[in-house]
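# Structural overview for review
One-letter residues, chain by chain:
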Number of protein chains: 2
Amino acid sequence: MSRTERRRPPTIHDVAREAGVSRGTVSRVLNGGHNVSPAALEAVNAAIRRTGYVVNRHARSLITGRSDSVGFLLTEPQERFFEDPNFNVLLSGCTQALAAHDIPLLLMIAGDESERRRITRYITAGHVDGVLLVSSHSGNPVAERLEEAGVPVVACGEPLGQGGRVAYVAADERGGAHRMVRHLVATGRRRVAMITGPLDTPGGVQRLAGYREELAASGLPADESLVAEGDYSRSSGEAAMTALLERAPGLDAVFVASDLMAQGALAALERAGRRVPEDVAVGGFDDSPAALATLPPLTTIRQPWDRISAEMVRLLLARIAGDEPAGVILPTELVRRESA
Amino acid sequence: MSRTERRRPPTIHDVAREAGVSRGTVSRVLNGGHNVSPAALEAVNAAIRRTGYVVNRHARSLITGRSDSVGFLLTEPQERFFEDPNFNVLLSGCTQALAAHDIPLLLMIAGDESERRRITRYITAGHVDGVLLVSSHSGNPVAERLEEAGVPVVACGEPLGQGGRVAYVAADERGGAHRMVRHLVATGRRRVAMITGPLDTPGGVQRLAGYREELAASGLPADESLVAEGDYSRSSGEAAMTALLERAPGLDAVFVASDLMAQGALAALERAGRRVPEDVAVGGFDDSPAALATLPPLTTIRQPWDRISAEMVRLLLARIAGDEPAGVILPTELVRRESA
DNA sequence: CTGAAAGCGCTTACAG
DNA sequence: CTGAAAGCGCTTACAG
């Protein structure tokens, strides 16, 4: 027990004594300063400074019933999280946006159903005022479960088949796909293939839809042999590209639904002896750090992750304050580099 | 205010009534079940199940003075965090190891000095029982500040110049460097260059020391023109490799202190028309996902991130329980792939 | 082994 | 505008 003794921190009582007012008045100052005379306000603020007082959140939460904290819940299998740089940007952005409101972020990872149950229980017990949910796979019931229990949720990406019951923030996936395919076609490509994301995710579905729409708009024929499905991982992109090359050797461009998969596709193309962009133009999606790590650097669709995290936090705080759920769609943008 | 009403969750009082015992007895069951008769124990447990009771942590913390939560504090500038997959593995591993103890992890990011002050204040106010610190740069005073305030800290990586005051977990950096250089030399390389990490970090310093020691042990001459410093980023690896090629065109191998920098080095070598591994063997460090994303896949030194996170959590919980600080060094291992 | 009671540090009507 | 007081849901000596 030789560990440094932690001194008992000053309480509202110490501040009250120091300022010569009651504890109620100190509390009022702490909670917005309404109904407090200027003189008292100043005395209390000075006392807070002198004593180094910091509110005890446990005591406050006990009475308010709020925890003044927010959960960041990841229900993807871990591997995805490890590999995808987007998660970092999102997580970090949310942490900082919350920090500006002095709200701590609790990180929660639920890889399997038993962890999901444990965490749901923890959350619905009121340990957190709301949840930022990252889990684009449909058929994942946590969002509804939490909302039913009265815990506000904001999802990253549009939840599939949930009829507007849960709030979300998403990039304009479909518009992004339009932009990329338009660019590919505008630069003279005529056999444009696509590697999609998992088709049980909104990103998977909508980027594919945008691809098809833009192809049709360009008067190019639809050809299902030009479409292969991946799971957003690097290796799945490599496998899909290999399959496409086999099925449709004449392809001259490929729109890949994530930069990470595009990295894999690039490897497959190199192995097959196809030059990029001379023989095959490659377009990615995300504008993640991976897009700069490839050779050649990737032409891609930028998702505004910084704005996405900021909007998620804004929406969640609004929901916690009582607002109705809302969906926010943020624009994407084409980033031209060397691969297409 | 049409938001779903959150029902008031059951309290210890409801459980007591349901079980026909006093609240004190319920509390004893909750806290280990000492001094409770088997009959009472069973009645309480049944009542807990029936009511769906979950302890209110705020009330508990208010009286125990513990928060039963832990902070994960990142003091690196954000960019590093985004780019480095190791952070993910570490963060995720710590989250899960803590979850096994039912302890939530609060993510904290302190990019600049003002954020550092805000977060230090938050932590020392007792909102967290201990801190997992990721910040290998020396001259970063947060670890000492926190320990002085009585908050246990466990650092990732050996803190430079802190005389054993703060607990840490690290990989055997020096041994890893030995292993890699030995491998390079054993496969016939004679002009082995090195791209180091930042030399104000333990990883930077120790991997370089290991390189020099092993070169000497192999009877190869020390040549300072063969050493260039990077900052662990991809682009710095590319720049360093370009500089090395200029200074020492005759090099036939390079030991790069991180996989990410190795990725950059590979790009520089390709640009310079050097084949890997035929002309230049490249060895990385980390065995991060980046090592598999390169062409050719990277021979590297595996850091046991899963064990590192588990040990950090173990050590922190021990410190919180009163143990003295300790340093733990975990072994590294050579992973042979195609680049060397 | 068990219950009654005090008290952790706050907030919030309630009087004035 | 301000103070006195109740009470949030727990834990922990203290008696028995």
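Residues numbered from 1 in each chain as written. Chains lettered and ligands numbered in written order. Predicted model: local features only at pLDDT ≥ 70, side-chain atom pairs only at ≥ 80, totals over all residues. Heavy atoms only, no water.

## Regarding the pattern of salt bridges
Within the structure shown, the criterion is met by 42 salt bridges over all chains. Here Glu113 of chain B and Arg117 of chain B are joined by a salt bridge, their closest N and O atoms 3.6 Å apart. Of this pair, Glu113 of chain B and Arg117 of chain B both sit in helix α7 (residues 113–127), 4 residues apart, roughly one helical turn. Residue classification places Glu113 of chain B among the partly exposed positions, given a relative accessible area of 31%. Among the ionic pairs, Arg174 of chain B bridges to Glu213 of chain B, the shortest N-O distance being 2.4 Å. Taken as a pair, Arg174 of chain B in helix α9 (residues 173–186) and Glu213 of chain B in helix α10 (residues 202–217) lie far apart in primary sequence, 39 residues in all. Residue Arg174 of chain B is classed as partly exposed on the basis of its relative accessible area of 34%. Given a relative accessible area of 32%, Glu213 of chain B falls into the partly exposed group. In the salt-bridge network here, residues are joined through shared partners; they are Glu113, Arg116, Arg117 and Arg145 of chain A. (Salt bridge = Lys/Arg side-chain N within 4 Å of Asp/Glu carboxyl O. Helix = DSSP H or I, 4+ residues; strand = E, 2+ residues; numbered from the N terminus. Buried < 20%, exposed > 50% of the residue type's maximum accessible area, 1.4 Å probe, protein only.)

## Some details on the relation of the copies chain A and chain B
Note that the two copies of the chain are related through a rotation about an axis and a translation along the same axis. Expressed as a screw operation, the relation of chain A to chain B combines 0.0 Å of axial shift with a rotation of 180°, fitting to an RMSD of 0.0 Å. What the superposition gives is, in effect, a two-fold axis relating one chain to the other. The fraction of interface residues of chain A whose copies in chain B are also interface residues reaches 98%, indicating that both copies meet through the same surface. (Least-squares fit on C-alpha atoms with pLDDT ≥ 70 in both. Contact = heavy atoms within 4.5 Å.)

## Some details on the UniProt feature "domain: HTH lacI-type" (unreviewed entry) in chain A
Listed under "domain: HTH lacI-type" (unreviewed entry) in the UniProt record, and renumbered for this structure, are residues 10–64 of chain A. Here residues 10–64 of chain A is 69% helix and 0% strand, with 21 Å between the C-alpha atoms at its ends. (UniProt positions renumbered as here; feature names shortened; annotations may be inferred.)

## Notes on the sheet that holds strand β6 (residues 192–196) of chain B
Residues and elements named next belong to chain B. With parallel pairing, the 4 strands of this open sheet are ordered in space as β7-β6-β8-β9. The strands lining the two open edges of the sheet, one partner per strand, are β7 (227–229) and β9 (281–283). Taken pair by pair, the neighbouring strands of this sheet meet at an average axis angle of 15°, ignoring direction. With 4 bridges connecting them, β6 and strand β8 (residues 253–256) associate as parallel partners. Directly across from Ala193, in β8, lies its bridge partner Val254. Seen against the sheet, α9 touches β6, β8 and β9 and runs at an angle of roughly 165° to β8. (Pairing = 2+ DSSP bridges. Axes fitted to C-alpha atoms, helices over the stretch in contact; angles between N-to-C directions.)

## Section: the protein's contact with DNA strand C
Taken together, 24 residues sit near DNA strand C, with Arg8, Ile12 and Ser27 of chain A together with Arg28 and Ser37 of chain B positioned nearest. Within the side chain of Arg23 of chain A, a nitrogen or oxygen atom sits 3.4 Å from a base nitrogen of DNA strand C. Contacts to DNA strand C include Ala59 of chain A, whose backbone N or O atom sits 3.4 Å from a base nitrogen. The residue makeup of the surface near DNA strand C, split by class, is 10 nonpolar, 9 polar and 5 charged. (Near = heavy atom within 4 Å. Polar contact = N/O pair within 3.5 Å; in protein donor to acceptor, adjacent residues only side chain to side chain. Nonpolar A, V, L, I, M, F, W, Y, C, P; charged D, E, K, R; others polar.)

## A word on helix α4 (residues 57–64) of chain A
Within α4 of chain A, burial applies to Arg57, His58 and Ser61 of chain A. End-on view of α4 of chain A: buried residues confined to an arc of 95°, all on one side of the axis. Elements that come into contact with the buried residues of α4 of chain A comprise α4 (57–64) and α7 of chain B. The backbone nitrogen of His58 of chain A lies 2.8 Å from a side-chain oxygen of the residue at the head of α4 of chain A, namely Asn56 of chain A. (Arc of directions from axis to C-beta.)

## Re the nonpolar core
One recurring pattern in soluble globular proteins: nonpolar side chains tend to sit buried together. Within the largest apolar cluster, 57 residues are counted, with the highest numbers of intra-cluster contacts made by Phe72, Leu132 and Ile308 of chain A together with Phe72, Leu132 and Ile308 of chain B. Broken down by element, this core gets its largest block of residues, 7 residues, from helix α14 (residues 305–320) of chain A. (Core = buried A, V, L, I, M, F, W, Y, C linked by side-chain atoms within 4.5 Å.)

## Here's the deal with the pairing of strand β1 (residues 70–74) of chain A
Taken across its 5 residues, β1 of chain A has 5 buried, putting it largely inside the fold. Where burial is concerned, the two faces of β1 of chain A agree: the one with Val70, Phe72 and Leu74 of chain A and the one with Gly71 and Leu73 of chain A are both buried.

## As for the domain arrangement of chain A
Residue and element names in this part refer to chain A. For chain A, the assigned domains are domain 1 (12–55), domain 2 (70–171 + 305–332) and domain 3 (173–302). Inter-centroid distance (C-alpha atoms) of domain 2 to domain 3 is 28 Å. If you look at the interface, domain 2 gives 14 residues, while domain 3 gives 19 residues. Here domain 2 packs against domain 3, burying approximately 1400 Å² in sum over the two surfaces, 52% of which is carbon and sulfur. Our count for the contact surface shared by domain 2 and domain 3 stands at 1 salt bridge. A salt bridge links Arg302 to Asp306, with the nearest nitrogen and oxygen atoms 3.7 Å apart. (Domains from an automatic or database assignment. Buried area = accessible area lost by both parts, 1.4 Å probe.)

## Examining the environment of Glu224 of chain A
All names here are of chain A. Structurally, the position occupied by Glu224 is in the loop between α10 (202–217) and β7 (227–229). Sequence separation between Glu224 and Gln263 is 39 residues, and the spatial gap between their C-alpha atoms is 23 Å. Excluding residues that lie within four positions of it along the chain, Glu224 makes contacts with Arg212 and Arg247.

## Brief notes about the protein's contact with DNA strand D
Taken together, 24 residues surround DNA strand D, and among them Arg28 and Ser37 of chain A together with Arg8, Ile12 and Ser27 of chain B come closest. For DNA strand D, the backbone makes up 65% of the atoms found within 4 Å of the protein, where backbone means sugar plus phosphate. Between DNA strand D and Arg28 of chain A, the relevant distance is 2.6 Å, taken from a base oxygen to a side-chain nitrogen or oxygen of the residue. Within the side chain of Asn31 of chain B, an N or O atom sits 3.3 Å from a phosphate oxygen of DNA strand D. Taken together, the residues of the surface near DNA strand D sort by class into 10 nonpolar, 9 polar and 5 charged.

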